[in-house]
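Fold and contact review
Residue-level listing of the chains:
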Amino acid sequence: MSKVRNNWTKEEILDIYNKPLMELLYEAATVHRKNHDPNTVQVSTLLSIKTGGCPEDCGYCPQAARYHTDIEGNDLMTVPHVKAQALRAKASGSSRVCMGAAWRNVKDGPEFDQVLEMVRTINKLDMEVCCTLGMITENQAKRLAEAGLYAYNHNLDTSEDYYKDVISTRAFEDRLDTIDNVRKTNVTVCSGGIIGMGEQLEDRAGMLVALASLSPQPESTPINALVPVEGTPMEDIAPVAIWDMIRMVATTRIVLPETQVRLSAGRTEMSREGQAMCFFAGANSIFAGDKLLTTPNPDVNEDMEMFKLLGLNPQKPFTKVSQPKTVEASDSEFKPLGEKPKWTRPGHKIERNEEAKLKAKLTD
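In what follows, the accompanying structure is described. (Residues numbered from 1 in each chain as written. Predicted model: local features only at pLDDT ≥ 70, side-chain atom pairs only at ≥ 80, totals over all residues. Heavy atoms only, no water.)

Comments concerning helix α7 (residues 172–182)
Among all positions of α7, only Phe172, Asp174, Arg175, Thr178, Ile179, Asn181 and Val182 are buried. Packing partners of the buried residues in α7 comprise α5 (138–147), β4 (151–153), α6 (160–163), β5 (188–190) and α8 (201–213). (Buried < 20%, exposed > 50% of the residue type's maximum accessible area, 1.4 Å probe, protein only. Helix = DSSP H or I, 4+ residues; strand = E, 2+ residues; numbered from the N terminus. Contact = heavy atoms within 4.5 Å.)

Digging into the environment of aspartate 180
Checked against the element boundaries, aspartate 180 lands in helix α7. For the pair aspartate 180 and glutamate 138, spaced 42 residues apart in sequence, the C-alpha to C-alpha distance is 8.4 Å.

A word on the packing of helix α3 (residues 79–91) against helix α4 (residues 110–123)
Running from amino to carboxyl end, α3 crosses α4 at an angle of 35°, the nearest separation of the two axes being 10 Å. When you trace α3 past α4, the crossing you get is right-handed. Residues Val79, Val82, Lys83 and Ala86 of α3 pack against Gln114, Glu117, Met118, Thr121 and Ile122 of α4. Here the residues of the contact of α3 with α4 are counted per class, giving 5 nonpolar, 2 polar and 2 charged. (Axes fitted to C-alpha atoms, helices over the stretch in contact; angles between N-to-C directions. Left-handed = near helix turned anticlockwise from the far one by under 90°. Nonpolar A, V, L, I, M, F, W, Y, C, P; charged D, E, K, R; others polar.)

As for the packing of helix α10 (residues 272–281) against helix α11 (residues 300–310)
Look at α10 against α11: their axes get within 11 Å of each other, and the N-to-C directions meet at 65°. Note on packing geometry: the crossing formed by α10 with α11 is right-handed. Across the interface between the two elements, Arg272, Gln275, Ala276 and Phe279 from α10 touch Glu302, Glu305, Met306, Phe307, Leu309 and Leu310 from α11. Considered class by class, the residues forming the contact of α10 with α11 number 6 nonpolar, 1 polar and 3 charged.

Observations concerning the pattern of salt bridges
For the structure on display, the rule yields 19 salt bridges. Where lysine 142 meets glutamate 138, a salt bridge forms, and the shortest distance between an N and an O atom there is 2.8 Å. Here the residue lysine 142 and the residue glutamate 138 both occupy positions in helix α5, the gap between them amounting to 4 residues, near one helical turn. For glutamate 138, a relative accessible area of 29% puts it in the partly exposed group. (Salt bridge = Lys/Arg side-chain N within 4 Å of Asp/Glu carboxyl O.)

Brief notes about the environment of asparagine 18
Within the secondary structure layout, asparagine 18 lies in the loop between α1 (10–17) and α2 (21–35). Owing to a relative accessible area of 47%, asparagine 18 belongs among the partly exposed residues under this scheme. In this structure the C-alpha to C-alpha distance between asparagine 18 and alanine 102, which are 84 residues apart in sequence, comes to 36 Å. Excluding anything up to four places from it in sequence, asparagine 18 contacts Leu201 and Arg247.

What follows is the structure in structure tokens.
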């Protein structure tokens, strides 16, 4: 097993990222084989249980209410609908369902109670359950854990330095605080980011410094390529090159040796050969299904055909961490506290975000 380090510097990570490609791939593949089965890939299905209407101003996101992106919003799904989708995902080879809601933060009440019931329902199907619901308090994290949540996703998105050029409605520290609240439970952490948002290589390294500095490091780290969506502030940014994705995956594997590195958004723009190089470089998790919340994703049958060509096998559920127990709502130890935490609103303006907001108003 490779030693896990929490004290990486930006300079060290940049040196790794900029190595000759063949040397970088060899080192990453070596680390990968020491810590993981190179022929096994974890398959997750991402389900948008509440779409659109988010009050945040994330420059990459089509679900932000302030931008005009033609995203069809929907209210919170019902528990039976979510169960049906989970069963479909399980039948197609997924071992995990990740439920995403376009919320700034979780609020105690009927909707959160409904999400808790979704968690209980999917865990009883012997599938890993992940949620990404925005910022959560310690008590809310404990309620999710009690319901049987396996993982909580809360991405850092980018480096702390570049973060202020992407989002102005919450602070980088809020993301770290949410991860810290999750760590006070037995729920695993899923946290990564997006490349191709106009950041510098130093920002990619800075994001990995922040992730590596977490102790313990995240059990799962998604590496997303920006999918430019018309109407968002980042609609005109050119797609990131496959070589950047390969280098980012390889560097992440070396810096986070025990973490499952997920090849996430942007796979529709990648050839099978490009994806194969990412798997060789240390990616060992993907999202399956035709959509990632609101952006396109390869068809699950295409993925299974690719797995067959490459000799890859879907990872069984609860391989890394044992299945959590589900406590029914009637037996819950943790009750809603009606909290109103003061999550940060930095208040600065991001020019391209403001321009996209004005354009949306003129369009409407």
